[in-house]
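Working through the structure, step by step
Next come the chains, spelled out residue by residue.
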Amino acid sequence: MSDSEYGVFTEEGCIEASLWSHANAEAVAELYREQAAEDDVEETYTVHEMCEEHRDAERPKGECDECEAQYND
Ligand SMILES: [Zn+2]
């Protein structure tokens, strides 16, 4: 049982978090893609593992501004 958190992102940022499996997050992203296709909207939805240290920041793991601030002082 993994407790990794996943989120769905657009180029603008996180639109959906608290998804507790990659498959679940992909399923949610797929719903957004279908909706975007229906609405004829150009948007890219990607799934990323969330930074577990800074959940409030809703940043992907490895691309977290808070982590960068913390470690690149
Ligand atoms: Zn972080």
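Model, not experiment: these values are computed from the prediction. (Residues numbered from 1 in each chain as written. Predicted model: local features only at pLDDT ≥ 70, side-chain atom pairs only at ≥ 80, totals over all residues. Heavy atoms only, no water.)

**Considering the coordination of the zinc ion**
Every protein donor of the zinc ion is accounted for by C51 (SG), H54 (ND1), C64 (SG) and C67 (SG), and the metal-donor separations fall at 2.0 to 2.4 Å. Coordination geometry of the zinc ion: the four donor atoms subtend angles of 104 to 114 degrees at the metal centre, consistent with an arrangement described as tetrahedral. Taken in sequence order, the residues that donate to the zinc ion follow the motif C-x2-H-x9-C-x2-C. Of the two residues, H54 sits in the loop between β3 (46–49) and α2 (65–71) while C67 sits in helix α2, which places them 13 residues apart along the sequence. Judged by relative accessible area, which is 15%, C67 ranks as buried. (Donors = N, O, S within 2.8 Å, 3.2 Å for Na, K, Ca; no water. Tetrahedral: all angles 85-135°; square planar, octahedral: opposite > 155°, others 65-115°. Helix = DSSP H or I, 4+ residues; strand = E, 2+ residues; numbered from the N terminus. Buried < 20%, exposed > 50% of the residue type's maximum accessible area, 1.4 Å probe, protein only.)

**Brief notes about the nonpolar core**
Side chains of a nonpolar character, in soluble globular proteins, are inclined to be buried together. With nine residues, the main nonpolar core is built from Y6, V8, L19, A25, V28, A29, A36, Y45 and V47. Mapped onto this core, the elements with two or more residues apiece are β1 (6–10) and α1 (22–38). It is α1 that provides the largest number of residues to this core, a total of four residues. Contacts of Y45, omitting those with residues within four sequence positions, involve V8, F9, T10, I15, A29, Y32, R33 and A36. (Core = buried A, V, L, I, M, F, W, Y, C linked by side-chain atoms within 4.5 Å. Contact = heavy atoms within 4.5 Å.)

**Some points on the sheet that holds β1**
What holds strands together in a sheet is hydrogen bonding between their backbones, with the strands either parallel or antiparallel. Judged by pairing direction, the sheet is antiparallel, and its three strands sit side by side in the order β2-β1-β3 without closing on themselves. The sheet terminates laterally at β2 (13–19) and β3, the two strands that pair on one side only. Averaged over all adjacent pairs, the angle separating strand axes in this sheet is 30 degrees, with direction ignored. Sheet analysis places β1 next to β2, joined by four bridges and oriented antiparallel. Counted as the bridge partner of V8 is E16 from β2. (Pairing = 2+ DSSP bridges. Axes fitted to C-alpha atoms, helices over the stretch in contact; angles between N-to-C directions.)

**Structural notes on the pattern of salt bridges**
By the definition in use, this model includes six salt bridges. Among the salt bridges present, the one from E26 reaches R33, with a minimum N-O distance of 3.4 Å. Look at E26 and you get partly exposed, because its relative accessible area is 29%. Taking relative accessible area as the criterion, R33 reaches 28% and is therefore assigned partly exposed. The partner of R33 in a salt bridge is E30, with the nearest N and O atoms 3.0 Å apart. One end of the pair, R33, and the other, E30, are both in helix α1, three residues apart, so they sit about a helical turn from each other. Its relative accessible area of 37% is what places E30 among the partly exposed residues. Here the salt bridges share partners, and the residues they tie into one network are E26, E30 and R33. (Salt bridge = Lys/Arg side-chain N within 4 Å of Asp/Glu carboxyl O.)

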